[in-house]
Amino acid sequence: MTETRRAVLAALADGPVAGPDLAERLGVSRAAVWKHVEALRDAGFEVASTDAGYEVVGVPPYGGPAVEFGLDAPYAVEYHDALPSTNDRARELAAAGESDVVVLADEQTGGRGRLDRAWDSPPGGVWLSFVLRPTLPPARAPLLTLAAAVAVARAAREAGVDARIKWPNDVVVDDAKLAGVLTEMEGEADRVSWVVVGVGVNADVDPAALPPAATSLAAEAGAVDRRVFVQRLLETFHEVRADPDAVLDAWRDHAATLGRAVRVETAGGVVSGEAVDVDASGALVVDTGTGRRTVHAGDCEHLRPA
Ligand code: BT5
């Protein structure tokens, strides 16, 4: 979407606006405004011409402009029906210098989890990646992963799903996985160049296309309006990450892991004990019974009480 098309859409989101006023506000000709309105109609928007001017009376169910329409967060949304991986496309955009873009796809053919594991991404899911250039020091970049998990959990709860966060990056309902986050970054020791935060949420997908230990928004709460869900996810992520010091408390509020007996597989071996907290960088603090261990990365399993 061009900047002018985006500006037309933003103006229309505030209510009816007369063509000449819009032209003046955006510094373009009336004919140009008309062309942009026609293009929005082609993209599925119903735009009525009333006495008060152009008025949006119908929004397409999903897609880039549909998500951007009325969105209260500063992200441009690039939508694809299918992509190998939204993280891969986001990395291309990041390498080209872009920022504050969200790549969104209905389906991924090569979705990735951590450690090159496959992420099943059938049509109907929410597969998206943020392209960000934050001013955080690299050691605090994991906070973006936690912020994304908080945003998913909150958006899911608003959709009526009892979602909680399993350290570090899973959003679960009971023990079934609803969503995962894959963060990738580039930078130097003291400076982050870009961060791509990839979020996969099983929204309205065929259960048969998911692994057995997975669940979806639709399975938990019935039909879901993906446009509204993605908007809430983007808005909440933006709000939560604005205050890095508040991310941890927000994460603790939704955590399923704290207070649980856990078994964490790390590159350096297995750490077992009670998960007691997360530290300032998002690492998990485990009380092993003989002392506290801080785990920065790994796969965490919640153990059932004996
Ligand atoms: C994750 O990895 O949980 C991160 C997933 C990130 C996916 C998003 S989608 C948008 C963006 N583009 C990408 O290519 N990726 C990101 P991890 O913690 O390693 O979990 C992976 C494991 O979860 C797999 O080994 C399966 O066991 C399981 N799994 C695979 N697909 C799943 C699904 N759709 N729902 C629940 N679990 C799944």
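Our structure's up above, just so we're on the same page.
Residues numbered from 1 in each chain as written. Predicted model: local features only at pLDDT ≥ 70, side-chain atom pairs only at ≥ 80, totals over all residues. Heavy atoms only, no water.

(A) Inspection of helix 9 (residues 244–254) at higher detail. Here helix 9 has its buried residues at Val247, Leu248, Ala250, Trp251 and His254. One side of helix 9 holds all its buried residues, which, seen down the axis, span an arc of 165°. In helix 9, the exposed positions that point more than 90 degrees away from the buried face belong to Asp245 and Asp253. Residues of helix 9 that are buried sit in contact with helix 6 (142–158), strand 6 (164–166), helix 8 (226–241) and strand 11 (269–278). (Buried < 20%, exposed > 50% of the residue type's maximum accessible area, 1.4 Å probe, protein only. Helix = DSSP H or I, 4+ residues; strand = E, 2+ residues; numbered from the N terminus. Arc of directions from axis to C-beta. Contact = heavy atoms within 4.5 Å.)

(B) Focus on unusual backbone geometry. Along the chain, tryptophan 167 connects to proline 168 via a cis peptide bond; the corresponding omega equals -5°. Despite not being glycine, aspartate 100 has its phi angle at roughly 55°, a positive value. Relative to the helices and strands, aspartate 100 resides in the loop between helix 5 (86–95) and strand 4 (101–108). Taking the relative accessible area as the measure of exposure, aspartate 100 reaches 29% and is therefore partly exposed. You will see that aspartate 174, though not glycine, has its phi angle at about 50°, which is positive. Looking at where aspartate 174 falls in the secondary structure, it is placed in the loop between strand 7 (170–173) and strand 8 (176–188).

(C) Layout of the nonpolar core. Counting 62 residues, the largest nonpolar core has Leu128, Phe130, Val197, Val201, Leu233, Leu234 and Phe237 as the members making the most contacts within it. The leading source of residues in this core is helix 6, at twelve residues. Excluding residues within four positions of it along the chain, valine 197 makes contact with Asn87, Leu128, Ser129, Phe130, Leu132, Leu144, Ala148, Val181, Leu182, Thr183 and Phe237. (Core = buried A, V, L, I, M, F, W, Y, C linked by side-chain atoms within 4.5 Å.)

(D) Molecular detail of the environment of valine 102. Tracing the sequence through the fold places valine 102 in strand 4. As for valine 102 and asparagine 87, which are separated by 15 residues in sequence, their C-alpha atoms are 9.9 Å apart. In contact with valine 102, other than residues within four places in its own chain, are Tyr75, Ala76, Val77, Glu78, Leu128, Ser129, Phe130 and Leu234.

(E) Representation of the site of the ligand within the structure. The environment of the ligand is formed by 26 residues, the closest being Ser85, Arg112, Arg117, Lys177 and Asn202. Here an oxygen atom of the ligand and a backbone polar atom of arginine 114 are 3.0 Å apart. Here arginine 117 contributes a side-chain N or O atom positioned 2.8 Å from an oxygen atom of the ligand. For the ligand, the protein covers 89% of the area, taking 800 Å² as the surface of the free molecule. Only helix 5, strand 5 (126–132), strand 8 and strand 9 (191–201) provide two or more residues apiece to the shell around the ligand. The dominant element in the shell around the ligand, judged by the number of residues it contributes, is strand 8, at four residues. Residue composition of the shell around the ligand, grouped by class: nine nonpolar, eleven polar and six charged. (Near = heavy atom within 4 Å. Polar contact = N/O pair within 3.5 Å; in protein donor to acceptor, adjacent residues only side chain to side chain. Areas by Shrake-Rupley, 256 points an atom, 1.4 Å probe, with all protein chains shown as cover. Nonpolar A, V, L, I, M, F, W, Y, C, P; charged D, E, K, R; others polar.)

(F) Representation of helix 1 (residues 3–13) within the structure. Within the sequence span of helix 1, burial applies to Arg6, Val8, Leu9, Ala11 and Leu12. On its buried side, helix 1 packs onto helix 2 (19–26), helix 3 (30–42), strand 2 (53–58), helix 4 (64–68) and strand 3 (76–83). Directly after helix 1, the chain includes glycine 15, whose backbone phi takes a positive value near 125°.

(G) Representation of the pattern of salt bridges in the model. If you walk through the whole model with that rule in mind, you get 23 salt bridges. Two residues, glutamate 3 and arginine 6, come together in a salt bridge whose shortest N-O distance is 3.3 Å. Here glutamate 3 pairs with arginine 6, and both are found in helix 1, just three residues apart, close to one helical turn. The structure contains a network of salt bridges with shared partners spanning Asp88, Arg91, Arg112 and Glu184. (Salt bridge = Lys/Arg side-chain N within 4 Å of Asp/Glu carboxyl O.)

(H) Structural detail: the environment of asparagine 202. Inspection of the secondary structure puts asparagine 202 in the loop between strand 9 and helix 7 (217–221). When the C-alpha atoms of asparagine 202 and threonine 145 are compared, they prove to be 18 Å apart, with 57 residues separating the residues in sequence.

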